[in-house]
Amino acid sequence: MSFFLPKLTCKKDIDEVIKCVAEKVVVLRFGRDEDSICLQLDEILSKTAHGLSNMASIYIVDVDKAPVYTRYFDISYIPSTVFFFNGQHMKVDYGSPDHTKFVGSFKTKQDFMDLIEVIYRGAMRGKMIVQSPIDPQNIPKYDLLYHGI
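In the nomenclature of an unreviewed UniProt entry, the chain corresponds to Thioredoxin-like protein from the organism Perca flavescens. Looking at the Subcellular location (unreviewed entry) heading of the UniProt record, one finds this comment for the chain: "Nucleus".

Here is the structure:
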């Protein structure tokens, strides 16, 4: 399903999208096209892209083609989804130690749509971090790699 969504293949393209998309949430899905969980997430993203087009622009980024951003956002697990608004990195409190990205796939389309709406409304009010509307049972659990160091 990722062929329905625009792909960013280099740092220059990613920088351009982050800087130039105005008054919309920029959604960057980091992952690999052949990964089954990435494909599951891509299906949700592509099915909601049109309905969210007034609030969000959704892009696919291959972790192997954008190593600078993969390292910068500490993309250790895929898929990982990062959000921006007017060039600012938006953080979301999912009830986990990492507020910079959503790791894994969303359980339902509605979870993703609700999250985009909360990020959009928060960003329009000037907030840089928002509280996740997703049920904690629907948020994938993982351990940070540097935990306990």
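Listed as buried for helix α1 (residues 11–20) are Ile 14, Asp 15, Val 17 and Ile 18. All buried residues of α1 project into a common sector of 165° when viewed along the axis, lining one side. Summarising the geometry of α1, the exposed residues directed more than 90 degrees from the buried face are Lys 12 and Lys 19. For α1, the secondary structure elements touched by its buried residues are β1 (7–8), β2 (25–31), β3 (56–62), α3 (67–72) and β4 (80–85).

Here the focus is the nonpolar core. In terms of nonpolar packing, the biggest core is built from 26 residues, with Val 25, Phe 83, Phe 106 and Phe 112 touching the most fellow members. Going through the elements one at a time, β2, α2 (36–49), β3, β4, β5 (88–93) and α4 (109–124) are the ones with two or more residues in this core. Among the elements that take part in this core, α4 stands out by supplying six residues, more than any other. Other than its neighbours up to four places away in sequence, Val 25 contacts Met 55, Ala 56, Ser 57, Phe 83, Phe 84, Phe 85, Ile 116, Ile 119 and Tyr 120. Judged by nonpolar contacts, the second largest core, of 17 residues, contains Val 21, Phe 30, Val 63 and Ala 66.

Our focus in this paragraph is the side chain of Thr 81. With respect to the element layout, Thr 81 can be found in strand β4. Each residue touching Thr 81, except ones within four places of it in the same chain, is listed here: Val 27, Leu 28, Arg 29, Leu 41, Lys 101, Phe 102 and Phe 106.

Right, let's talk about the packing of α2 against α4 for a bit. One can describe the packing of α2 onto α4 by two numbers: an axis separation of 9 Å at closest approach and a directional angle of 60°. Comparing their axes, α4 and α2 come out oblique. Crossing of α2 against α4: the hand is right-handed. Counting all contacts with α2, which are made through Ile 44, Leu 45, Lys 47 and Thr 48, the residues of α4 involved are Lys 109, Phe 112 and Met 113. Per-class residue counts for the contact of α2 with α4 are four nonpolar, one polar and two charged.

Glancing now at the pattern of salt bridges. Under the definition given, this model contains eight salt bridges. The shortest N-O distance in the salt bridge between Arg 29 and Asp 42 comes to 2.7 Å. On the criterion of sequence distance, the pair formed by Arg 29 in strand β2 and Asp 42 in helix α2 is long-range, its members being 13 residues apart. By relative accessible area, which is 0% here, Asp 42 ends up buried. With a closest N to O distance of 2.9 Å, Arg 32 and Asp 64 form a salt bridge.

On to the packing of aromatic side chains. What characterises a pair of aromatic rings is the spacing of the ring centres plus the angle enclosed by the ring planes. For the structure shown, the criterion picks out eight aromatic pairs. An aromatic cluster is defined as three or more aromatic residues linked by ring pairs; in this entry it consists of Phe 30, Tyr 69, Tyr 72, Phe 73 and Phe 84.

This part takes up the pairing of β2. In terms of burial, β2 is a largely internal element, seven of the seven residues being buried. Burial along β2 is two-sided: Val 25, Val 27, Arg 29 and Gly 31 facing one way and Val 26, Leu 28 and Phe 30 facing the other are all buried. The pairing of β2 with β3 spans seven bridges and is parallel. From the neighbouring strand, Val 27 faces β3, where its bridge partner is Ile 58. With six bridges connecting them, β2 and β4 associate as antiparallel partners. Across the sheet, residue Val 27 finds its bridge partner in β4, namely Phe 83.

Thresholds applied
Residues numbered from 1 in each chain as written. Predicted model: local features only at pLDDT ≥ 70, side-chain atom pairs only at ≥ 80, totals over all residues. Heavy atoms only, no water. UniProt positions renumbered as here; feature names shortened; annotations may be inferred. Buried < 20%, exposed > 50% of the residue type's maximum accessible area, 1.4 Å probe, protein only. Helix = DSSP H or I, 4+ residues; strand = E, 2+ residues; numbered from the N terminus. Arc of directions from axis to C-beta. Contact = heavy atoms within 4.5 Å. Core = buried A, V, L, I, M, F, W, Y, C linked by side-chain atoms within 4.5 Å. Axes fitted to C-alpha atoms, helices over the stretch in contact; angles between N-to-C directions. Parallel < 35°, antiparallel > 145°, perpendicular 65-115°, else oblique. Left-handed = near helix turned anticlockwise from the far one by under 90°. Nonpolar A, V, L, I, M, F, W, Y, C, P; charged D, E, K, R; others polar. Salt bridge = Lys/Arg side-chain N within 4 Å of Asp/Glu carboxyl O. Phe/Tyr/Trp six-rings, centres within 6.5 Å; stacked < 30°, edge-to-face > 60°. Pairing = 2+ DSSP bridges.

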